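Observations on the model geometry
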Amino acid sequence: MMKLFREWQVAHDAEVVAFRESDTGECAMCDAATDRLTAVEKRLIAAPCEGLGDWALKVMAWTCFGDFSIEDSCGRHDLWAEARALIGGAA
């Protein structure tokens, strides 16, 4: 999971740079950077957690270090189901 998170961090940083360098935020470089970031995010979210640390990495990436809420990020209720499973199914 950490390998995927590091890959996400590189893609995230590249997206930030692309938008910062764009005058309007609408450019082919911005779109490509966002597409790369989204592809890594999908792989990271789909990867099974082996512990709570892995789950925390998913949340950090999916919420962009807390800039977005989980619910605002396409309703990731499956993240909460995975968290419950990691702590033994507690309600």
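Read on for a plain summary of the structure. If you're wondering where the values come from, they're calculated on a predicted model, not measured in any experiment. (Residues numbered from 1 in each chain as written. Predicted model: local features only at pLDDT ≥ 70, side-chain atom pairs only at ≥ 80, totals over all residues. Heavy atoms only, no water.)

Once that is clear, we can look at the side chain of Glu82. Along the chain, Glu82 turns up in helix α4 (residues 77-86). Engagement of the side chain of Glu82 in a polar contact is seen with the backbone nitrogen of Cys49, the distance being 3.0 Å. Filtering out sequence-adjacent residues up to four positions away, Glu82 remains in contact with Ala47, Pro48, Cys49, Trp55 and Lys58. (Helix = DSSP H or I, 4+ residues; strand = E, 2+ residues; numbered from the N terminus. Polar contact = N/O pair within 3.5 Å; in protein donor to acceptor, adjacent residues only side chain to side chain. Contact = heavy atoms within 4.5 Å.)

In a soluble, globular protein the nonpolar side chains are often hidden away together inside. Judged by nonpolar contacts, the single largest core of 18 residues is most densely connected at Phe5, Trp8, Leu44, Ile45, Trp55, Ala61 and Leu79. Ranked by residue count, the leading element in this core is helix α3 (residues 52-62), at 5 residues. Apart from the residues within four sequence positions on either side, Trp55 is in contact with Cys49, Leu79, Trp80, Glu82, Ala83 and Leu86. (Core = buried A, V, L, I, M, F, W, Y, C linked by side-chain atoms within 4.5 Å. Buried < 20%, exposed > 50% of the residue type's maximum accessible area, 1.4 Å probe, protein only.)

Tallying each qualifying case throughout the model produces 2 salt bridges. With a shortest N-O distance of 2.7 Å, Glu7 and Arg43 are connected by a salt bridge. Here Arg43 lies in helix α2 (residues 28-46) and Glu7 lies in helix α1 (residues 2-21), a separation of 36 residues in the sequence. A residue is classified by how much of its surface remains accessible, and Glu7, at 32% relative accessible area, is partly exposed. Residue classification places Arg43 among the partly exposed positions, given a relative accessible area of 41%. Measuring nitrogen to oxygen at the nearest pair gives 2.7 Å for the salt bridge that ties Glu82 to Lys58. Here Glu82 is found in helix α4, whereas its partner Lys58 is found in helix α3, with 24 residues between them in sequence. (Salt bridge = Lys/Arg side-chain N within 4 Å of Asp/Glu carboxyl O.)

This part covers α2. Three or four residues apart is the spacing at which side chains of an α-helix point the same way, because the helix has 3.6 residues per turn. Taking 1.5 Å per residue as the helical rise, α2 with its 19 residues ought to reach 27 Å, and the 27 Å between its terminal C-alpha atoms agrees with that figure. If you check which residues of α2 are buried, you get Cys30, Ala33, Leu37, Val40, Glu41, Leu44 and Ile45. Projection of α2 onto a plane perpendicular to its axis shows the buried side chains occupying an angular sector of 130°, all on one side. Among the exposed residues of α2, those pointing more than 90 degrees away from its buried face are Ala28, Asp35, Lys42 and Ala46. (Expected span 1.5 Å × (residues − 1). Arc of directions from axis to C-beta.)

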